[in-house]
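These are the residues of each chain, in order.
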Amino acid sequence: MPHASRDFRIGVLAGDGVGPEVTREAVRVLETIAKGFGHSFTFTEGLLGGCAIEAKGTPLPAETWELCESSDALLVGSVGGEQWDSLPADMNPGLGGLLRLRRKLDLYANLRPGLTLLPGESPIRGADVDILLVREATAGLYFSPERDRVVKDGVESAWDTMHYTADEVRRIAVVAFELASARSRRLTSVDKANVLEASKLWRDVVIEVARDFPDVELEHLYVDNCAMQLVLRPNDFDVIVTENLFGDILSDEIAGIIGSLGLLPSASLRSDKFGLYEPVHGAAPDIAGRDLANPAAAILSAAMLLRHSAELEDEAECIERAVSAVLAGGIRTADVARGGPAVGTVGFGDAVVAELEGIIASIALS
Ligand SMILES: NC(=O)c1ccc[n+]([C@@H]2O[C@H](COP(=O)([O-])OP(=O)(O)OC[C@H]3O[C@@H](n4cnc5c(N)ncnc54)[C@H](O)[C@@H]3O)[C@@H](O)[C@H]2O)c1
Ligand SMILES: CC(C)[C@H](C(=O)O)[C@@H](O)C(=O)O
Ligand SMILES: [Mg+2]
């Protein structure tokens, strides 16, 4: 192999529900890469979310934090479940676990690439997309400096506030412009600047950053309109940059456009090489523990880990080719089987590993 071998420490936080099932397949795929290319990947498991609450009484135990700090990258499954979702913030798998981790690690740039992997099969006729959603992930409505729920004079009320500093908007805008500049040079900034002060600031800062990227064509859309335009003209979008909650919602919409949440990976990055990689989907309690979950999003997140944190672009592309080939060959989990025969989570992982071994063998021969 013409590649330099890499030693790489990967923290694995499989989490709850389908998290452990899909993460297991992603780890197998990374092991196949390590063996095939002569790299040494060390996998160390930690607890995050509901499983951590059960075992340690907190969704983000100190040991998990130490593991994060001593890893080169993190592979995460999914967190949450009905039994924990209404617990208060610091005991909540989402807020006190995953979101706290993203924030503590300053992983502000959440990349969610929605690529058509099943041509001609989108629920939206003619949709053939390569959309990169850039979600701001450490501020905005999710991390309100003011949030509360009170009963005063017999009236119950609750509030969250969307808060951004100009610097928080600027750094995510720069990431989005750089990515757009390297792709088709089209960027859509999504806000609600006709109503929200935080969105007015967002738009002003994006316009200011645009001056440094004259090669990028910038459009602004209000989030409600964007949600509709994505359905009407999905193929027109390239890079989208948006606020935390808007990005959460629009990324699930993009998953719908490409056919399943089980196909959408993500990377959460900051300015160094460290990153957290996870499928966009959640714990999917409706299918958990039944070998039904599609592990493609988790496997593609592992490819993103190799690309962004390990700087192993060729290896990342091998995984992406393997997943595409398996899907194109008609080996599908139930969510994308379109009524045809379906394999399980493990069966899909087996097929990707076999395809990947074939790809690696063909590279070795060439
Ligand atoms: N990143 C995360 O960890 C994350 C993301 C979203 C939701 N959640 C949590 O997950 C739990 C369930 O939330 P939800 O039902 O709103 O969202 P969800 O993403 O878990 O599931 C939504 C729908 O998509 C399907 N789905 C999800 N992943 C799939 C996969 N890999 N293969 C096939 N189908 C898949 C599910 O079966 C379900 O019908 C909640 O506790 C929520 O807080 C966690
Ligand atoms: C689990 C939840 C807190 C999380 C989010 O809202 O960020 C998820 O929906 C996601 O899209 O990663
Ligand atoms: Mg989400």
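Residues numbered from 1 in each chain as written. Chains lettered and ligands numbered in written order. Predicted model: local features only at pLDDT ≥ 70, side-chain atom pairs only at ≥ 80, totals over all residues.

What is the right way to look at the overall build of the protein in this model?
Along the backbone of the protein there are 12 helices and 12 strands. Computed over the C-alpha atoms, the radius of gyration of the protein is 20 Å, within 12% of the 21 Å expected from 2.2 N^0.38 for a compact globule of 366 residues. When its C-alpha atoms are laid out on the principal axes, the protein stretches across 70 × 50 × 45 Å. Burial status across the protein gives 48% buried among its 366 residues. Expressed as a percentage of contacts within the protein between residues at least 6 apart in sequence, the contacts between residues at least 24 apart total 74%. (Helix = DSSP H or I, 4+ residues; strand = E, 2+ residues; numbered from the N terminus. Rg over C-alpha atoms; globule rule 2.2 N^0.38 Å. Buried ≥ 20, exposed ≤ 12 C-beta atoms within 10 Å, placed from the backbone. Contact = placed C-beta atoms within 7 Å.)

Help me understand the site of ligand 1, please; the structure alone is not making it clear to me.
Taken together, the neighbourhood of ligand 1 is formed by 24 residues, with Gly-80, Gly-262, His-281, Gly-282 and Asn-294 sitting nearest. Split by residue class, the shell around ligand 1 holds 11 nonpolar, nine polar and four charged. (Near = placed C-beta within 6 Å. Nonpolar A, V, L, I, M, F, W, Y, C, P; charged D, E, K, R; others polar.)

Would you take a moment to explain the packing of helix α1 (residues 19-37) against helix α10 (residues 296-308) for this structure?
Helix-helix packing is characterised by the crossing angle of the two axes and by the distance between the axes. Where α1 meets α10, the axes come as close as 8 Å, and the angle between the chain directions of the two elements is 45°. By the angle between their directions, the pair α1 and α10 is classed as oblique. Both α1 and α10 take part in a crossing whose hand is right-handed. For the pair formed by α1 and α10, the contact residues are Val-22, Thr-23, Glu-25, Ala-26, Val-29, Leu-30 and Ile-33 on the first element and Ala-298, Ile-299, Ser-301, Ala-302 and Leu-306 on the second. When the residues that make up the contact of α1 with α10 are grouped by side-chain class, the tally is nine nonpolar, two polar and one charged. (Axes fitted to C-alpha atoms, helices over the stretch in contact; angles between N-to-C directions. Parallel < 35°, antiparallel > 145°, perpendicular 65-115°, else oblique. Left-handed = near helix turned anticlockwise from the far one by under 90°.)

Got a minute to help me understand the domain arrangement of the protein in this structure?
Many analyses report the size of an interface as the accessible area lost when the parts associate. Domain boundaries in the protein define domain 1 (1-108 + 268-366) and domain 2 (122-258). With centres defined by C-alpha atoms, the gap from domain 1 to domain 2 works out at 25 Å. Contact with domain 1, which involves eight residues of that partner, is made by nine residues of domain 2. No other element matches the three residues that helix α5 (residues 93-104) contributes to the side of domain 1 that touches domain 2. In terms of residue class, the side of domain 1 that touches domain 2 is made up of four nonpolar, one polar and three charged. (Domains from an automatic or database assignment.)

What should I look at first to understand unusual backbone geometry in this one?
A negative phi angle characterises most non-glycine residues, just as the trans form characterises most peptide bonds. For Asp-106, which is not glycine, the phi dihedral falls at a positive 60°. Inspection of the secondary structure assignment puts Asp-106 in the loop between α5 and β4 (109-115). Backbone geometry places Ala-284, a non-glycine residue, at a positive phi of 40°. Relative to the helices and strands, Ala-284 resides in the loop between β12 (275-279) and α10.

Sorry, what's going on with the site of ligand 2 here?
Lining the immediate environment of ligand 2, one finds Val-79, Gly-80, Gly-94, Leu-98, Leu-99, Asp-248, Val-280 and Gly-282. Counting residues per element, the shell around ligand 2 draws most heavily on α5, at three residues. Taken together, the residues of the shell around ligand 2 break down into four nonpolar, three polar and one charged.

Help me out: how do you make sense of the pairing of strand β8 (residues 186-191) in this one?
Every regular strand shows the same layout, with side chains that alternate between the two sheet faces. Most of β8 is tucked away, with five of its six residues classed as buried. Bridging between β8 and strand β9 (residues 217-222) involves six bridges; their strand directions are parallel. Paired with Leu-187 across the two strands is Leu-218, which belongs to β9. Between the parallel pair β8 and β9, the chain is carried across by helix α7 (residues 197-210), and the sense of this crossover is right-handed. As judged from the four bridges shared by β8 and strand β10 (residues 239-242), these two strands associate in the parallel manner. If you follow Leu-187 over to β10, its bridge partner there is Val-239. (Pairing = 2+ DSSP bridges. Right-handed = clockwise from strand over helix to strand, strands pointing away.)

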